[in-house]
Amino acid sequence: MATDIKDTTHAVEAAAVMKLLRARPRLLALGEPTHGEDTLLDLRNELFRQLVEQEGYRTIAIESDCLRGLVVDDYVTSGTGTLDEVMEHGFSHGWGTSAANRELVRWIRTYNDGRPASEQLRFAGFDGPLEITGAASPRQALTALHGYLAAQVDADLLPCTTQTLDRLLGTDDRWTEPAAMMDPTRSVGQSADARELRLLADDLAALLDAQTPHLITATSRHDWDWARLYGRTATGLLRYHYWMADTAPNRMARLCALRDSMMAANLLVLAERGPAMVHAHNAHLQREKSTMRMWDQPLLEWWSAGALVSAHLGEEYAFVATALGTIRHQGVDTPPPDTLEGLLYALPEDRCVIDSPRLATALGDTLPAPRVSPWFGYSPLDPAHLADSDGIVFVKDVPQS
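The name an unreviewed UniProt entry gives the chain is Erythromycin esterase, with Streptomyces chattanoogensis as the organism.

On to the overall build of the chain. Scanning the chain from N- to C-terminus turns up 16 helices and 12 strands. Taking 2.2 N^0.38 as the reference for a compact globule, 401 residues should give roughly 21 Å; the C-alpha atoms of the chain span a radius of gyration of 22 Å, in line with that estimate. The C-alpha extent of the chain, read off along each of the three principal axes, is 70 × 55 × 35 Å. When each of the 401 residues of the chain is scored for burial, the buried share is 53%. Counting only contacts in the chain whose residues sit at least 6 apart along the sequence, the fraction spanning at least 24 positions is 77%. Summed over its atoms, the accessible surface of the chain is roughly 17,300 Å², and 51% of this surface lies on carbon and sulfur atoms.

Below, the discussion takes up unusual backbone geometry. Note the cis peptide between Gly 274 and Pro 275, where omega equals 0°. Not every positive phi belongs to a glycine, and His 93 is a case in point at roughly 60°. Within the secondary structure, His 93 is located in the loop between α5 (83-89) and α6 (99-112).

Bridge count for strand β1 (residues 9-10) against strand β11 (residues 351-354) is 2 bridges, and the pairing is antiparallel. Residue pairing for β11: His 10 is matched across the bridge by Val 353. Relative to strand β12 (residues 391-397), β11 runs antiparallel, the two being bridged by 4 bridges. Directly across from Arg 351, in β12, lies its bridge partner Val 395.

The topology assignment puts Asn 101 in helix α6. Residue Asn 101 is classed as buried on the basis of its relative accessible area of 3%. Considering only alpha carbons, one finds Asn 101 and Leu 70, 31 residues apart in sequence, at a separation of 15 Å. Beyond its immediate sequence surroundings of up to four residues, Asn 101 is in contact with Leu 41, Arg 44, Met 87, Phe 91 and Trp 95. Within the local environment of Asn 101, its side chain forms a polar contact with the backbone oxygen of Trp 95, the two atoms lying 3.0 Å apart.

Attention now goes to the pattern of salt bridges. According to the stated counting rule, one finds 20 salt bridges in the structure shown. Put simply, Asp 193 and Arg 174 hold a salt bridge, and the shortest N to O gap is 3.6 Å. A residue pair is termed long-range when its members are at least 10 positions apart, and Asp 193 in helix α9 (residues 192-210) and Arg 174 in the loop between α8 (162-169) and α9 qualify at 19 residues. Among the ionic pairs, Arg 328 bridges to Asp 333, the shortest N-O distance being 3.6 Å. Looking at Asp 333, the relative accessible area reads 43%, which means it is partly exposed. Each of Glu 46, Arg 49, Glu 103 and Arg 106 takes part in salt bridges that share partners, so that together they form one network.

Along the chain, Ala 124 turns up in strand β4 (residues 122-127). Distance from Ala 124 to Arg 68, taken between C-alpha atoms, is 8.8 Å for residues 56 residues apart in sequence. If we skip the residues at most four places from it in the chain, Ala 124 touches Ile 60, Ala 61, Ile 62 and Leu 270.

Next up on the list: the packing of aromatic side chains. Under the criterion given, the structure shown has 5 aromatic pairs. Here Phe 91 and Phe 123 contribute two aromatic rings whose centre-to-centre distance is 5.6 Å and whose plane-to-plane angle is 65°, an arrangement assigned as edge-to-face. Residue Phe 91 is located in the loop between α5 and α6, and its partner Phe 123 is located in strand β4; the two are separated by 32 residues in the primary sequence. With respect to burial, Phe 91 and Phe 123 carry one shared label: buried. Where Tyr 242 meets Trp 243, the ring centres are 5.1 Å apart and the plane angle is 80°; that geometry is what we call edge-to-face. For Trp 243, a relative accessible area of 21% corresponds to the partly exposed category. Directly above the ring of Trp 107 sits Arg 49, whose terminal nitrogen or CZ lies 5.6 Å from the centroid. Between the NZ or CZ atom of Arg 254 and the centre of the ring of Trp 243, over which it lies, the distance is 3.7 Å.

Time to look at helix α7 (residues 139-150). Over its 12 residues, α7 runs 16 Å from end to end, which matches the ideal 16 Å to within 8%, given 1.5 Å per residue. Here α7 has its buried residues at Ala 141, Leu 142, Leu 145, His 146, Tyr 148 and Leu 149. Looking straight down α7, one finds its buried side chains confined to an arc of 160°; they lie on one side. Tucked inside the fold, the buried residues of α7 contact α8, α9, α10 (212-218) and α11 (221-244).

For any two helices packed against each other, one specifies the inter-axial angle together with the distance between the axes. Where helix α3 (residues 38-55) meets α6, the axes come as close as 8 Å, and the angle between the chain directions of the two elements is 20°. On the basis of their axis angle, the class for α3 and α6 is roughly parallel. Crossing of α3 over α6 shows right-handed handedness. Taken together, the residues of α6 that come into contact with α3 (itself represented by Asp 38, Leu 41, Asp 42, Arg 44, Asn 45, Phe 48, Arg 49, Val 52 and Glu 53) are Ala 99, Ala 100, Asn 101, Glu 103, Leu 104, Trp 107, Ile 108 and Tyr 111. When the residues that make up the contact of α3 with α6 are grouped by side-chain class, the tally is 9 nonpolar, 2 polar and 6 charged.

Quick notes on the rules
Residues numbered from 1 in each chain as written. Predicted model: local features only at pLDDT ≥ 70, side-chain atom pairs only at ≥ 80, totals over all residues. Heavy atoms only, no water. Helix = DSSP H or I, 4+ residues; strand = E, 2+ residues; numbered from the N terminus. Rg over C-alpha atoms; globule rule 2.2 N^0.38 Å. Buried < 20%, exposed > 50% of the residue type's maximum accessible area, 1.4 Å probe, protein only. Contact = heavy atoms within 4.5 Å. Areas by Shrake-Rupley, 256 points an atom, 1.4 Å probe, with all protein chains shown as cover. Pairing = 2+ DSSP bridges. Polar contact = N/O pair within 3.5 Å; in protein donor to acceptor, adjacent residues only side chain to side chain. Salt bridge = Lys/Arg side-chain N within 4 Å of Asp/Glu carboxyl O. Phe/Tyr/Trp six-rings, centres within 6.5 Å; stacked < 30°, edge-to-face > 60°. Lys NZ or Arg CZ within 6 Å of the ring centre and 35° of its normal. Expected span 1.5 Å × (residues − 1). Arc of directions from axis to C-beta. Axes fitted to C-alpha atoms, helices over the stretch in contact; angles between N-to-C directions. Parallel < 35°, antiparallel > 145°, perpendicular 65-115°, else oblique. Left-handed = near helix turned anticlockwise from the far one by under 90°. Nonpolar A, V, L, I, M, F, W, Y, C, P; charged D, E, K, R; others polar.

Dropping the structure here:
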């Protein structure tokens, strides 16, 4: 069996990943089983460089706030701001402090310098303005969308004024109330003001769509793309806040699904521009249903962004999961030999790319045991879904960043 497994491995290179795929994907998704480890992000950076230089990839999208990502994209394409400012304001989830993320932004800016826009690399965040503990105010997205339209269309076509939006939005701390995630009654999402804002956001997004031929000509496709992002984000955030205020037993599962639905919508737009590399947690990119246990909730299940995008794109979406052996500084030690990670840990390579469908065939009906993580921040691969990925990147040991 060890020989069969060895026959499925390759060097960690973009060319080896591409050889696993039946078609050249518009979105090539690389997952990770844990966050915050620069070893994994350095590997992502190197694969992206190779995809750019060898395969013509032009965009990288990461699991970060889509609106903040515009700050990064503006910097790497036009040099707006400084690298320090971009790292502070262009990332969510604390990703801006990562040395590997800083190196990624620096490298893209250097690559783009002096190149025409058609040859430049682009950066995108594809997550909503969401954290596990709450959601942002819809103010930024709504007012930016309204401002874009107000500058280009007749005033009588707009469904409201900026003053109306300001009155209905109120203060931002109404929307970012920390207690709302645990206590739906603390959420503003089903108030009369929030319900009216949902209708107005829908009307603004519909007006943007209806005026597309004029807007692309009057501004640019680039600015129109940003306005579409504002529209998706405004409607998505208001929908998310609405269900934050709901008291149904499936509330948390619905919120997880809404977040991944926002991610999927952003990825499908990036696919129009493709090809792009996508990087996020395995749970957001896998083709099978995602699951999670949270607080005292029953097991949550929902369709991931990857599952949604794969349903739309078919073979033009590819998913390569990352698996790992140890994160000793987090208490994740050598995997048991009867687990999937244990089988891979016995290989001689420190890191390798594995043909996961071939590995599933080699293993046959004798599935490895599921690995149990002693640390909540790491999610082992599910051996039952081995063939649902196009490949696996295995990293034997992850040292402390």
